[in-house]
Amino acid sequence: MNEFLQFCFSWPTVVPSVLMCVLLVYWLLMILGAFDLEFLDLDLDVDAPDGGDVTFADWGMLGLRWFNLGDVPLMFWLTAFAFPAWISAMTLNRDLVDPSQLDIARALGRDFCIGLFAAKVLTQPLKGKFRHMEPNPAEEMIGKLVTITSSEVTTSFGQAQYHTGQGAPLILDVRTLEGAVTKGQEARVVDYAPDAHLYYVESLRTVTG
């Protein structure tokens, strides 16, 4: 047992061993109710820009997304990464005696590469399963009827409610493309600006003529 522990916490095996210890403590605390699945979650909402320059950082983020980092809860992904990396270290590092810094770097690089590709395979069935879905995605709001709740809605100001039929209504920041809609009137959602998180509405009187 002492020999096993000594090997676990000797270079370079100590790095994946410490990571495994941290994860074991995390999962134990989660089982005891100290954490939930959203703790330390990571959202990497990165897309290549259309017609723009893709920077080195953009490619790095897209690479992480390819390995499903950001598509599953972070601690799930780290566990799927750390366990294969630790198994690799425990199996392949036994022949290392008094390793040099170059030996340590090579061993860690090999173990982390194995962990990365293992995490890709292990988390692929979980991809997208944990992503939070809005009850009313923006694209599904186009054409819906809302009730104006602010004094009026203009091209620069306004709020409205959308009654989902399930619980409290959604409060939306809305604007008109032209003209104004007064409080209490119904309006139809005709467009959405994702960058500004604004819905554009049109009075039913305008729509119906």
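Now for a description of the structure that goes with this document. (Residues numbered from 1 in each chain as written. Predicted model: local features only at pLDDT ≥ 70, side-chain atom pairs only at ≥ 80, totals over all residues. Heavy atoms only, no water.)

1. Points about the overall build of the protein
For clarity, the cut-off: Numbering of helices and strands runs from the N terminus, with a helix taken as a DSSP run of H or I at least four residues long and a strand as a DSSP run of E at least two residues long. Burial status follows relative accessibility: with a 1.4 Å probe on protein chains alone, a residue under 20% of its type maximum counts as buried, one over 50% as exposed, and anything between as partly exposed. By the convention used here, residues are in contact when the closest approach between their heavy atoms is within 4.5 Å.
Along its length, the protein carries seven helices and seven strands. Each helix (α) and strand (β) of the protein, taken in turn from the N terminus, gives the series α-α-α-α-α-α-β-β-β-β-β-β-β-α. The proportion of buried residues among the 209 residues of the protein is 32%. Restricting to contacts in the protein with at least 6 residues of sequence separation, those with at least 24 account for 57%.

2. Quick word on the nonpolar core
How we decide: Throughout, nonpolar core names a set of buried Ala, Val, Leu, Ile, Met, Phe, Trp, Tyr and Cys residues whose side chains join them through atoms within 4.5 Å.
In terms of nonpolar packing, the biggest core is built from 17 residues, with Met 75, Trp 77, Phe 81, Ala 82, Trp 86, Met 90 and Ala 119 touching the most fellow members. Among the secondary structure elements, those contributing two or more residues to this core are α1 (2–8), α2 (14–31) and α4 (74–92). It is α4 that contributes the most residues to this core, eight residues altogether. Residues contacting Phe 81, with those up to four places away along its chain left out, are Leu 19, Phe 112, Gly 115, Leu 116 and Ala 119. Counting 13 residues, the second largest nonpolar core, distinct from the first, contains Val 146, Ile 148, Val 153 and Ala 160.

3. Things to note about the environment of Ala 85
Along the chain, Ala 85 turns up in helix α4. Taking relative accessible area as the criterion, Ala 85 reaches 1% and is therefore assigned buried. Along the primary structure Ala 85 and Thr 13 are separated by 72 residues, whereas in three dimensions their C-alpha atoms are 9.4 Å apart.

4. Examining the state of the cysteines
We count it as follows: We call a pair of cysteine sulfur atoms a disulfide when they lie within 2.5 Å.
Scanning the entire structure with this criterion turns up zero disulfides. Free of any disulfide, Cys 8 has its nearest cysteine sulfur in Cys 21, 7.9 Å distant. Taking relative accessible area as the criterion, Cys 8 reaches 4% and is therefore assigned buried.

5. Things to note about unusual backbone geometry
Cis geometry is adopted by the peptide bond preceding Pro 12, which originates at Trp 11 and carries an omega value of 0 degrees. Phi at His 197 is positive, roughly 55 degrees, even though this residue is not glycine. Residue position: His 197 is located in the loop between β6 (186–193) and β7 (198–203). For His 197, a relative accessible area of 54% gives the class exposed.

6. Some details on the pattern of salt bridges
Our working rule: Note on definitions: salt bridges are taken to be side-chain nitrogens of Lys or Arg within 4 Å of carboxyl oxygens of Asp or Glu.
Taken as a whole and judged by the stated rule, the model has one salt bridge. The partner of Asp 111 in a salt bridge is Arg 110, with the nearest N and O atoms 3.0 Å apart. On the basis of relative accessible area, Arg 110 is assigned to the partly exposed category, the value being 29%.

7. Some remarks on the packing of aromatic side chains
Short version of the rule: Each Phe, Tyr or Trp ring (for Trp, its six-membered ring) is paired with any other whose centre lies within 6.5 Å, and the angle between the two planes then decides the class: stacked below 30 degrees, edge-to-face above 60, tilted in between.
Per the counting criterion, the structure on display carries six aromatic pairs. Ring centres of Trp 77 and Phe 81 lie 5.4 Å apart, and the angle between their planes is 10 degrees; this geometry places the pair in the stacked category. Linking Trp 77 with Phe 81, this pair stays in helix α4, spanning four residues, or about one helical turn. Neither Trp 77 nor Phe 81 differs from the other in exposure class; each is buried.

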